[in-house]
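# Notes for the structure review
Letter by letter, the chains look like this.
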Amino acid sequence: SSGGTVDAVFSVELEECSRNPQYREVDDGGSAENHVSEDPEEKLDSDAEYTQIQPYAGMPKEVLLLHSSKARYRVTREILFWLMVACTLALVALTVTVIALSPRCMNWWQVSPVYQVYLRSFSDSDGDGVGDLKGIQKQLDHFQYLNIKSVWVGPFYRSPMRDSGYDVEDFRAIDPLFGTMNDFEELLAKMHSVGLKLIMDFIPNHTSDRHRWFNLSRATDPHYKDYYVWSDCDGSSPRPNNWVSVFGRSAWTYDEVRGQCYLHQFLKEQPELNFRNPHVRKEMTDIIHFWLAKGVDGFRMGAVKHLLEAAHLRDEPQVDPNKAPESVVSEWDLYHDYTISQLGLHDLLRDWRAEMEAYSREPGKYRFMVTESYDYEEVDKTMMYYGTSLVKESDFPFNFYLLDLPQNTSGLWVQHLVQLWMDNMPKGQWANWLVGNHDKPRIASSAGQTYIRVINMLLLTLPGTPTTYYGEEIGMENVNVTDSQAQDLAGKYNASASRDPQRSPMQWSGDMNAGFNNKTNVTWLPVHPDYRSINVEVQKKDEGSVLAQYRFLNTLRQSEVPLQRGWFCYVHADAGVFSYLRELDGLDRAFLMVLNFGKESAITDLSPIAELPDQLKVLKSTNQVSDGKALQKSRILTEAGEGLVIQYSTNTRFNPNHPEQCYVSEKTCYLSVVDILYTC
């Protein structure tokens, strides 16, 4: 009967409970040890085996099963189970959505300006008057002070130094002038330990005429015979064709050992490698592997447009057909149809990029590649170095168009130069900007000290990666170099083409030799005489200095998302002023830049821009007294060479209503509710 069944179950429960040594009912006045059952039938044989399965201590399994089958427990359990499943699925879905919608993380070469170190002139550690690797290590604090993350170091390969190290004798050795391989490895390790990346020069187009390969090639060694570009010629008039060197005169030199002419698109001491030879390609690829294995973070690929020449060696057409052929002595006298940007060039670069990708797979170890190619008005050729949507090439080619800024100091001219790049850059690519390097005059000299601050402000607020040539952060100028002090061989062919003036020693302090060499009174080029007033040490103490402004703007750029990855929109340009804004969809904070490149003060009226608030406030001016000044958007006053960064708040975006005036590399939006960025 049902009553009998319940009694039986109850009897089992008692029986099992009494057999569980871990369960003892204890009266208030006693302990489990002293407790003795009063019912003799409940006494157990001390030798009886305990057979209950753990871990049902205290409550037997049958009791648990009995209660667990009841509806109030079963339903609750099922609800909790499915609730956990739903929560797990929701979290997974949310995670996948966030990952899918999140914009790509900015890479290290996008976050910070690239700072170019001209090694000979940066810092001398041993007193020989020439900058060296240990000198860079001594000055690492300077990069951290400026919030710089990426440093491009000029060539330090073993070299006869006919072209300041761009004539390489051994691609796997450090020139003793700059230190040892141990010095390099120590510098690289130290840079990495403080969060700095090192980009080195890769010079694939040519070698030194003292390179082992060239000596074997001129001796017609079977393996190295075709490592360079040779042609039959008459020793008395070595011109297989009319090709001209970048430095002027014939690009061919007769070699008496081999009895032929070799090609050199630069100095005669820099013979051209033959990249149509697969052995040469492999040699240079192996050199890339050598330095990547050491841990370098990227390469600046130099003079890449010269890598291949037309195999037929025909004469290039003259710019002036009526000019006597013997008068063709300058690179500007010819159309370079057969010596630059030849078919196969980009295949070669993409192969190297693929080799670098193999080293970029580890998180935080991306290997950067930038190409150098002066294409002048043929901007479409420069854009090809970005690669295609399917095949990657360089992360960006250097943008040399702002080098023309001093030709016409006006807002319209600056807008034209900026727009030239932005209009032609492939969709989704990353821009870059520079106003000087080791081959071009310093911007403070060519444009004037009046404009150095506003130019730095332009570079640090445009979209993309700026490149800073050492000394631009303090406004260094060209130095006068006499004939007896000249070092640049290119300048000895043509004094006006000398690159020595922009390569003077870095001005660290007002001490001897501007702090560049504090051991001996020797410098490889003269120090600029203004070093006592224009140097790092004195400008660190001045909140209104060029250095202080550079540091502020670089820090602002890295901390503000609109300046990193937001929209860039032109809003105004005239004879004096160039103005643009940076904004991010979903963020109520934006920045307006008003930069006066003209020769006189100007009042800019931005009242037609409905998206701007009527009242504006200056966050940073190149003229310190204007910091924090309140302005009306209808009357923004700037002096010649003055730049303003204006931060404002608005819920109205400019870019949706003016798409033809706006650019963005990757469209990103901000969701304030959860404080995240997403691709929109």
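Residues numbered from 1 in each chain as written. Predicted model: local features only at pLDDT ≥ 70, side-chain atom pairs only at ≥ 80, totals over all residues. Heavy atoms only, no water.

If you check an unreviewed UniProt entry, the chain appears there as Amino acid transporter heavy chain SLC3A1 from Cyclopterus lumpus. You can read under Subcellular location (unreviewed entry) in the UniProt record for the chain the words "Apical cell membrane". (UniProt positions renumbered as here; feature names shortened; annotations may be inferred.)

## Topic: the overall build of the chain
Helix and strand content of the chain: 19 helices and 24 strands. Expected size for 680 residues packed as a compact globule is a radius of gyration near 26 Å; at 36 Å, the chain overshoots this value by more than 25%. Structurally, the chain occupies a C-alpha span of about 130 × 75 × 50 Å along its principal axes. Residue burial in the chain is summarised as follows: out of 680 residues, 51% are buried. The long-range share in the chain, meaning contacts at least 24 apart out of those at least 6 apart in sequence, stands at 69%. Carbon and sulfur atoms form 52% of the exposed surface of the chain, whose accessible area is close to 31,200 Å². The positive charge centre, built from 65 side chains, and the negative charge centre, built from 92, are 3 Å apart in the chain. (Helix = DSSP H or I, 4+ residues; strand = E, 2+ residues; numbered from the N terminus. Rg over C-alpha atoms; globule rule 2.2 N^0.38 Å. Buried < 20%, exposed > 50% of the residue type's maximum accessible area, 1.4 Å probe, protein only. Contact = heavy atoms within 4.5 Å. Areas by Shrake-Rupley, 256 points an atom, 1.4 Å probe, with all protein chains shown as cover. Lys, Arg positive; Asp, Glu negative; His and termini not counted. Charge placed at Lys NZ, Arg CZ, Asp CG, Glu CD.)

## Some details on the UniProt feature "transmembrane region" (unreviewed entry) in the chain
If you check UniProt for "transmembrane region" (unreviewed entry), the listed places come out as residues 79-101 in our numbering. Helix makes up 100% of residues 79-101 and strand 0%, and the two end C-alpha atoms of the span are 32 Å apart.

## As for the sheet that holds strand β15 (residues 577-583)
With respect to topology, seven strands assemble into an open sheet ordered β19-β18-β21-β16-β15-β14-β22, the strand pairing being antiparallel. Two strands bound the open sheet, and with one partner strand each, they are β19 (630-632) and β22 (662-663). Two strands pair when backbone bridges link them, and strand β14 (residues 567-573) and β22 are joined in this way by two bridges, in the antiparallel orientation. Following the sheet pairing, C569 is matched in β22 by C662. (Pairing = 2+ DSSP bridges.)

## A closer look at the pattern of salt bridges
Evaluated as defined, the whole model comprises 24 salt bridges. Between K134 and D183 there is a salt bridge, with its nearest N and O atoms 3.9 Å apart. In this pair, K134 sits in helix α6 (residues 133-138) while D183 sits in helix α8 (residues 181-193), placing the two residues 49 residues apart along the sequence. Exposure remark for D183: the relative accessible area of 11% places this residue in the buried category. D333 serves as the salt-bridge partner of K323, at 3.1 Å between the closest nitrogen and oxygen. Here K323, found in the loop between β9 (298-301) and α11 (345-357), pairs with D333, found in the loop between β9 and α11; they are ten residues apart in sequence, far enough to count as distant. Residue class for K323 comes out partly exposed when judged on its relative accessible area of 29%. (Salt bridge = Lys/Arg side-chain N within 4 Å of Asp/Glu carboxyl O.)

## Here's the deal with α11
Along an α-helix, residues three or four apart share an orientation, since each turn contains 3.6 residues. Under the 1.5 Å per step criterion, the end-to-end length of α11 is 19 Å for 13 residues, consistent within 8% with the ideal 18 Å. Listed as buried for α11 are L345, H346, L348, L349, R350, W352, R353 and M356. On its buried face, α11 is in contact with β5 (197-202), α10 (278-294), β9 and β10 (368-371). (Expected span 1.5 Å × (residues − 1).)

## Some points on the pairing of strand β1 (residues 114-117)
Of the two faces of β1, both are covered, the one formed by V114 and Q116 as well as the one formed by Y115 and V117. Two elements, β1 and strand β13 (residues 465-469), share three bridges in a ladder whose sense is parallel. Within β13, the position partnered with V114 by the bridge is T467. Taken together, the four bridges between β1 and strand β2 (residues 150-153) define a ladder with parallel strand orientation. Paired with Y115 across the bridge in β2 is V151.

## Quick word on α8
Over its 13 residues, α8 runs 18 Å from end to end, which matches the ideal 18 Å to within 8%, given 1.5 Å per residue. Looking at α8, one finds that the buried residues are D183, F184, L187, L188 and M191. All buried residues of α8 fall inside an arc of 130° around its axis, so they share one side. For α8, the elements touching its buried residues are α6, α7 (140-146), β2, β4 (170-174), β5 and α10. Looking one or two residues past α8, G195 carries a phi angle of roughly 80°, positive in sign. (Arc of directions from axis to C-beta.)

## Side note on the environment of K629
Among the structural elements, K629 can be located in the loop between β18 (615-621) and β19. Along the backbone, K629 and L619 are ten residues apart, and their C-alpha atoms lie at a distance of 8.1 Å. Non-local contacts of K629, meaning those with residues more than four positions away in its chain, are made with L616, K617 and V618.

## Quick look at the packing of aromatic side chains
For the structure on display, the rule yields 44 aromatic pairs. Pairing Y115 with F122 gives two aromatic rings, centres 6.1 Å apart and planes at 70°, and the pair type is edge-to-face. Ring geometry for F156 and Y157: centres 6.0 Å apart, planes at 35°, overall tilted. Like Y157, F156 is buried. (Phe/Tyr/Trp six-rings, centres within 6.5 Å; stacked < 30°, edge-to-face > 60°.)

## Quick word on the side chain of S579
Turning to its location among the elements, S579 is positioned in strand β15. In this view, S579 contacts Y570, V571, H572, L592, M593, V594 and L606; residues no more than four positions away in its chain are not counted.

## Focus: the packing of helix α15 (residues 452-461) against helix α18 (residues 546-559)
For the pair α15 and α18, interaxial distance at closest approach is 10 Å and the crossing angle is 15°. Relative to α18, the element α15 lies roughly parallel. Along this stretch, α15 crosses α18, giving a crossing that reads as right-handed. Contacts between α15 and α18 involve I452, R453, N456, M457 and L460 on the former and, on the latter, V546, Q549, Y550, L553, N554 and R557. (Axes fitted to C-alpha atoms, helices over the stretch in contact; angles between N-to-C directions. Parallel < 35°, antiparallel > 145°, perpendicular 65-115°, else oblique. Left-handed = near helix turned anticlockwise from the far one by under 90°.)

## Looking at the packing of α8 against α10
Following both chains from N to C, one finds α8 and α10 inclined at 55°, their axes separated by 11 Å at the closest point. The angle between α8 and α10 falls in the class oblique. Along the contact surface, α8 presents M181, F184, E185 and L188, while α10 presents F290, W291 and K294. Considered class by class, the residues forming the contact of α8 with α10 number five nonpolar, no polar and two charged. (Nonpolar A, V, L, I, M, F, W, Y, C, P; charged D, E, K, R; others polar.)

## Description of unusual backbone geometry
Phi angles above zero are rare outside glycine, and T220 is one such case at about 55°. Structurally, the position occupied by T220 is in the loop between α9 (212-218) and β6 (230-231). The backbone phi angle of A514 is positive, close to 60°, even though this residue is not glycine. Topologically, A514 is positioned in the loop between α16 (489-493) and α17 (536-540). For A514, a relative accessible area of 0% puts it in the buried group.

## Observations regarding the sheet that holds β6
In space, the three strands of this open sheet follow the order β6-β8-β7, with antiparallel pairing throughout. The strands lining the two open edges of the sheet, one partner per strand, are β6 and β7 (252-255). With four bridges connecting them, β7 and strand β8 (residues 260-263) associate as antiparallel partners. When the sheet's bridge partners are listed, D255 is paired in β8 with Q260.

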